[in-house]
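One-letter residues, chain by chain:
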Amino acid sequence: MIFWLVCIVMTLVVAAIIAGPLVRGGRVAEENPDIAVYRAQLDEIERDLARDLLAPDEAERARTEVARRLLAANRAKTTPNKAGKGSLLAPALIGAGILGISVYVYWAIGAPGYPDMPLQARLAASEEMRANRPGQAALEAAAPAPPPVEVPDEYREAITQLRVIAPTRPDDLEAWSLLASHEVELRNYAGAAKAQAQVIAIKGDAVEMIDRQRLLDLMVVAAGGFVSPEAEDVINTILDEDRANIAALYYLGALYNQTDRPDLALRLWRDLVETGDPNNFHIASARAQISDAAFRAGVEYALPETRGPTFAQMEAASQLPPEEQQAMIGNMVSGLANRLATQGGPAQDWARLIRSYGSIGETEAARAVWEEAQQVFVSSMRGMEILTNAARDAGVLDE
């Protein structure tokens, strides 16, 4: 109730400030133009007296006469206009309009009846939301079913048989790897995640980071894009081994974003989108959501421009026939190479060029760019890290 009273009072004050001149305008009379003439004459008398053009007694008589006329003009300068109904109508309409528009706008985009929530209360609500969010099984059950995939009946029957055979062979790595792969083909992401979890269990200490990342991807997709507590456990396991893992950092940001902590999501995603390769799936996903997270966090943020072949361009190129695909990628790579040669660019752009050359099989060109980039960024530890990773991805360096 106090909130509404404060809003109404503030709105009325603003309306009064705006409408006040209109009300006063009906009551203030126009100034008599003779007043300015008489004031000018008094000034002129003083100047003539100072230049000895007038005798003191003549100046006094002239000053007295002009002063008499000025007083008469002052008495007659106002002819009060009483504000009638017509003159008060416009200010009244303006005040009512401001009040009505303010209430409408707040009712449309505000939160009527929503109590004020201090910072500590909001943080506590976020923690409660995170602690009580549904588990993986519940999220999978609530997730919308993906569109069906058209496959031959023989293929679908073979996968059905594999689903029966694999559980009878809990240590058969090949069977579970095949099942995980084929479940993805059929868009049964929940089944694929379970099979991938079994692959990791079979590998034990020999498990690779790519296996955990694949499991994390599958779990989030199967949960309809939400990060479950079980998926959070996988994130923590990955980050324990690699604090800079892009996939884990992206999904940790997604978890914060989903539990009303867009400020923390922005902090994680900002580093990814500003230093990482936009062709990376997880970085591209962060770029797609970071502006909304910044808006909700109350931070002004401009998404950095991508330069060179983008994720969308590379995806479009992959849909073309092989000859056109190579030509399109070649043109994009050539454009990036020319820009770096003439204008230079950050380590991320050099890394993108190295990877691009590697993706089209031009290893020697990738190696040449790698060697040149080392000279440019030799004093930048972060730049050398980015370039080294790109060189490994392009096959220029050994693992």
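As shown above, the structure is provided for reference.
Rules used in this analysis
- Residues numbered from 1 in each chain as written.
- Predicted model: local features only at pLDDT ≥ 70, side-chain atom pairs only at ≥ 80, totals over all residues.
- Heavy atoms only, no water.
- Helix = DSSP H or I, 4+ residues; strand = E, 2+ residues; numbered from the N terminus.
- Phe/Tyr/Trp six-rings, centres within 6.5 Å; stacked < 30°, edge-to-face > 60°.
- Buried < 20%, exposed > 50% of the residue type's maximum accessible area, 1.4 Å probe, protein only.
- Salt bridge = Lys/Arg side-chain N within 4 Å of Asp/Glu carboxyl O.
- Axes fitted to C-alpha atoms, helices over the stretch in contact; angles between N-to-C directions.
- Parallel < 35°, antiparallel > 145°, perpendicular 65-115°, else oblique.
- Left-handed = near helix turned anticlockwise from the far one by under 90°.
- Contact = heavy atoms within 4.5 Å.
- Nonpolar A, V, L, I, M, F, W, Y, C, P; charged D, E, K, R; others polar.
- Core = buried A, V, L, I, M, F, W, Y, C linked by side-chain atoms within 4.5 Å.
- 1 Å grid on protein atoms, 1.4 Å probe; cavity = no way out; pocket = protein on both sides within 12 Å on 5 of 7 lines; lining within 4 Å.
- Points joined across faces, edges and corners; volume = space filled by probe spheres on them.
- Patch = residues over 30% accessible without salt bridge, like charges linked within 9 Å, V, L, I, M, F, W, Y side chains within 5 Å.
- Areas by Shrake-Rupley, 256 points an atom, 1.4 Å probe, with all protein chains shown as cover.

1. Some words on unusual backbone geometry
Glycine aside, residues mostly have negative phi, and peptide bonds are mostly found in the trans state. Even without being glycine, Arg187 reaches a positive phi, approximately 65°. The residue Arg187 is located in the loop between α8 (173–185) and α9 (189–203) in this model. One non-glycine residue, Asp260, adopts positive backbone phi at about 65°. Relative to the helices and strands, Asp260 is located in the loop between α12 (246–258) and α13 (262–275).

2. Remarks on the packing of aromatic side chains
Here a ring pair, both rings aromatic, is described through the centre-centre distance and the interplanar angle of the planes. Per the counting criterion, the structure on display carries two aromatic pairs. Note on Tyr250 and Trp269: the rings are 5.8 Å apart at their centroids and 20° apart in plane angle, and the pair reads as stacked. Taken together, the residues span a long stretch of sequence, with Tyr250 in helix α12 and Trp269 in helix α13 at a distance of 19 residues. The pair formed by Tyr250 and Trp269 is uniform in burial state, with each residue classed as buried. Through successive ring pairs, a cluster of aromatic residues spans Tyr250, Tyr251 and Trp269.

3. Topic: the pattern of salt bridges
In a structure, side chains of opposite charge can pair up when their charged atoms sit close to one another. The final tally for this structure, using the stated rule, is twelve salt bridges. Between Glu232 and Arg130 there is a salt bridge, with the nearest N and O atoms lying 2.3 Å from each other. Here Glu232 is found in helix α11 (residues 229–241), whereas its partner Arg130 is found in helix α5 (residues 119–131), with 102 residues between them in sequence. Exposure remark for Glu232: the relative accessible area of 14% places this residue in the buried category. Of the charged contacts, one joins Glu183 and Arg163 as a salt bridge, the two residues approaching to 2.8 Å between their closest N and O atoms.

4. Side note on the packing of helix α10 (residues 209–222) against α11
The N-to-C vectors of α10 and α11 enclose an angle of 155°; their axes lie 10 Å apart at closest approach. One finds that α10 runs roughly antiparallel with respect to α11. Crossing hand, α10 versus α11: left-handed. For the pair α10 and α11, contact is made by Met209, Arg212, Gln213, Leu215, Leu216 and Met219 and by Glu230, Ala231, Val234, Ile235, Thr237, Ile238 and Glu241, respectively. Among the residues forming the contact of α10 with α11, the class breakdown is eight nonpolar, two polar and three charged.

5. Some words on the nonpolar core
Core analysis: the largest hydrophobic core is formed by 35 residues, its most contacted members being Leu216, Val227, Ile235 and Trp269. Within the residue set of this core, elements represented by two or more residues are α9, α10, α11, α12, α13 and α14 (281–296). The element best represented in this core is α12, accounting for eight residues. Not counting residues within four places of it along the chain, the set of residues in contact with Ile235 comprises Leu216, Val227, Ala248, Tyr251 and Leu252. Ranked by size, the runner-up nonpolar core spans 23 residues in total, among them Val333, Ala347, Val369 and Trp370.

6. Focus on the layout of surface pockets
Put simply, the largest pocket is a space of about 1,000 Å³. Considering the residues around the largest pocket, the lining is formed by 30 residues, among which Ala244, Ile246, Arg355, Asn389 and Asp393 are closest to the centre. Secondary structure elements with two or more residues in the lining of the largest pocket: α10, α12, α13, α14, α17 (347–359) and α19 (381–393). Sort the elements by how many residues they give to the lining of the largest pocket and α19 lands first, with six residues. Among the residues making up the lining of the largest pocket, the classes are represented as eleven nonpolar, nine polar and ten charged.

7. Thoughts on a nonpolar patch on the surface
On the surface, a nonpolar cluster with roughly 280 Å² of combined accessible area is contributed by Val9, Val13 and Ile17. Mapped onto the elements of the fold, Val13 is located in helix α1 (residues 2–25). For Val13, a relative accessible area of 45% translates into the label partly exposed.

8. Here's the deal with the packing of α17 against helix α18 (residues 363–376)
Where α17 contacts α18, the axes come no closer than 8 Å and their chain directions differ by 165°. As summarised for this structure, α17 and α18 are arranged roughly antiparallel, according to the angle between their axes. The element α17 and its partner α18 pack so that their crossing is left-handed. Here α17 contributes Trp350, Leu353, Ile354, Tyr357 and Gly358 to the contact with α18, which in turn contributes Ala365, Ala366, Val369, Trp370, Glu372, Ala373 and Val376. Across the contact of α17 with α18, the residue classes break down as ten nonpolar, one polar and one charged.

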